[in-house]
Amino acid sequence: MSDFSTSEAPQKVPLASLPTPLEPLTALTRVLGGPEIWVKRDDGTGLAGGGNKARKLEYLMAEALALGADTIVTAGGIQSNHARQTAAAAARLGLRCILVLTDSVPDRSSAYHKSANLLLDRLFGADIRFLDGSADPDAAMADIAARCEAEGRCPYVIPVGGSNAVGARAYVDAAAEVLDQAAALGVRFSHVVLATGSGGTHAGLVVGFAAREVDLPVLGVSVSRKREEAIHRVRGLVEKTAAVVGSEGFSDILIDDRFVGPGYGMPTEAMAEAVRLVARTEGLLLDPVYTGKAMAGLIALIREGTFRPDDRVLFWHTGGSVALFAYDEVFASDGA
Ligand SMILES: *Cc1c(COP(=O)(O)O)cnc(C)c1O
């Protein structure tokens, strides 16, 4: 059996369309009047509508297959993009998929409870178990895995967001990918801005830039946790991921927690403004839970004068636009 703790470990099962495009957001740059803004299109990873979980799943599913798993168990909110992409990956690989979905976001519309990501989970044939918002998804997953084993099956549990060292490793590769693209285009970025949720994407990028000895600050706009807690979480993942890839010496973990609003998955005015602005200037879809709040953060930072005019900011698009259809009440009016 392969030992995934060593760096010569095996590796990825192909699930994502890579490399994803790296594009300038010329019209948005002009409208905001600040630094040059570029986007890394991980909304275009291809698996079941795209998003950052496709990269993580290449490593996670490879480990599952190497361990002989026949059932994938994971968890998330009802509108989890991670659950949707995991269900699709399991379908593609011929594995059973059990999703533990928690009803953790209050005051949602009926679309939230039946459409968008949840509709796609069903389409991919996932076995869905709903949990109360207050229940512990890790305990539920452990319980389900134990039952699977008792029935003679081989379950593989993926943590919420696919954020462990195995999943985050994919973003070490993604950091190298974007550095190569930027070098080929002759551009250098001064900052990366992204949405930070379970932290694996943020952590992988920090490790990946450090591994290439590139000093490129990664600013995570938290979509759920308070700053200290998010920093603690990302730092823990950075240490574990760095150990897996055998690199060391990484920069500070930067988190801005001012754009969460009332809570994870809860709409904010600034999110809706950001989603509309990017749609109308660039014809580009963001999402209400992650990238809309991250872009709200970037817009506020530009307005606050955080960047120098000659800075060049890379907005890492992590996907999620499927969830727009679960937030019909936010986007139904023209927002004028
Ligand atoms: C999961 C997710 C994120 C957050 O990534 P983490 O690695 O969990 O921090 C950001 N954007 C979208 C669209 C996601 O689905």
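Residues numbered from 1 in each chain as written. Predicted model: local features only at pLDDT ≥ 70, side-chain atom pairs only at ≥ 80, totals over all residues. Heavy atoms only, no water.

The name given to the protein chain in an unreviewed UniProt entry is L-cysteate sulfo-lyase, and the organism recorded there is Microvirga alba. Its UniProt record, at the heading Sequence similarities (unreviewed entry), says of the protein chain: "Belongs to the ACC deaminase/D-cysteine desulfhydrase family." (UniProt positions renumbered as here; feature names shortened; annotations may be inferred.)

Once that is clear, we can look at the site of the ligand. Taken together, 15 residues sit near the ligand, with Lys53, Lys56, Ser198, Thr201 and Thr318 positioned nearest. Here an oxygen atom of the ligand and a backbone polar atom of Gly197 are 2.8 Å apart. Within the backbone of Gly199, an N or O atom sits 2.8 Å from an oxygen atom of the ligand. In the complex, 98% of the free accessible area of the ligand, which totals 380 Å², lies under the protein chains. Every element with two or more residues in the shell around the ligand is listed here: helix H2 (53-66) and helix H7 (200-211). Residues belonging to the shell around the ligand are distributed by class as follows: 1 nonpolar, 12 polar and 2 charged. The residue makeup of the shell around the ligand includes at least three contributed by each of domain 1 (6-52 + 164-331) and domain 2 (53-162). (Near = heavy atom within 4 Å. Polar contact = N/O pair within 3.5 Å; in protein donor to acceptor, adjacent residues only side chain to side chain. Areas by Shrake-Rupley, 256 points an atom, 1.4 Å probe, with all protein chains shown as cover. Helix = DSSP H or I, 4+ residues; strand = E, 2+ residues; numbered from the N terminus. Nonpolar A, V, L, I, M, F, W, Y, C, P; charged D, E, K, R; others polar. Domains from an automatic or database assignment.)

Right, let's get into the packing of aromatic side chains. How two aromatic rings sit relative to each other is set out by the distance from centre to centre and by the angle between their planes. Enumeration over the complete set of coordinates arrives at 4 aromatic pairs. With a centroid separation of 5.8 Å and an interplanar angle of 85°, the aromatic rings of Tyr112 and Tyr327 are classed as edge-to-face. Of this pair, Tyr112 sits in the loop between strand S4 (96-103) and helix H4 (116-123) while Tyr327 sits in the loop between strand S10 (312-317) and helix H11 (328-331), and the two are 215 residues apart along the sequence. Taken individually, Tyr112 and Tyr327 each receive the classification buried, so the pair is uniform in this respect. Here the basic side chain of Lys53 rests over the ring of Tyr290, its NZ or CZ set 5.6 Å away from the ring centre. The side chain of Arg55 reaches across the aromatic face of Tyr171, ending 5.6 Å from its centre. (Phe/Tyr/Trp six-rings, centres within 6.5 Å; stacked < 30°, edge-to-face > 60°. Buried < 20%, exposed > 50% of the residue type's maximum accessible area, 1.4 Å probe, protein only. Lys NZ or Arg CZ within 6 Å of the ring centre and 35° of its normal.)

Let us look at the packing of H7 against helix H8 (residues 227-245). Between H7 and H8, the least distance of the axes is 8 Å, while the angle of their chain directions is 50°. For the element pair H7 / H8, the angle class is oblique. Crossing of H7 over H8 shows right-handed handedness. On the side of H7, the interface is formed by Gly200, His202, Ala203, Val206 and Val207, while H8 contributes Val234, Leu237, Val238, Thr241, Ala242 and Val245. Class assignment for the residues of the contact of H7 with H8 results in 8 nonpolar, 3 polar and no charged. (Axes fitted to C-alpha atoms, helices over the stretch in contact; angles between N-to-C directions. Parallel < 35°, antiparallel > 145°, perpendicular 65-115°, else oblique. Left-handed = near helix turned anticlockwise from the far one by under 90°. Contact = heavy atoms within 4.5 Å.)

This brings us to the pattern of salt bridges. One pass over the full model with this rule turns up 19 salt bridges. Residue Asp43 is joined to Arg41 by a salt bridge in which the shortest nitrogen-to-oxygen separation is 2.9 Å. A network of salt bridges, in which partner residues are shared, links Lys40, Asp42, Arg55 and Glu177. (Salt bridge = Lys/Arg side-chain N within 4 Å of Asp/Glu carboxyl O.)

Moving on, we come to the packing of helix H6 (residues 165-185) against H8. Packed helices, taken two at a time, are described by their axes: the angle between them and the distance between them. Remark: H6 packs on H8, axes separated minimally by 9 Å, with the N-to-C direction vectors making an angle of 75°. As summarised for this structure, H6 and H8 are arranged roughly perpendicular, according to the angle between their axes. Contacts from Ala165, Ala168, Arg169 and Val172 in H6 reach Leu237, Lys240, Thr241, Val244 and Val245 in H8. For the contact of H6 with H8, the residue count by class is 6 nonpolar, 1 polar and 2 charged.

Given a rise of 1.5 Å per residue, 12 residues ought to cover 16 Å, and the 16 Å separating the end C-alpha atoms of H7 matches this to within 8%. Burial analysis of H7 places 11 of its 12 residues in the buried class, which makes it a mostly covered element. Along H7, the positions that sit buried rather than exposed are Gly200, Thr201, His202, Ala203, Gly204, Leu205, Val206, Val207, Gly208, Phe209 and Ala210. Among the residues trailing H7, Glu213 stands out with phi positive, at a value near 55°. (Expected span 1.5 Å × (residues − 1).)

To continue, consider the UniProt feature "active site" (unreviewed entry) in the protein chain. The sites that carry the UniProt feature "active site" (unreviewed entry) are, in the present numbering, Ser80. Assignment of secondary structure puts Ser80 in the loop between strand S3 (71-77) and helix H3 (81-93).

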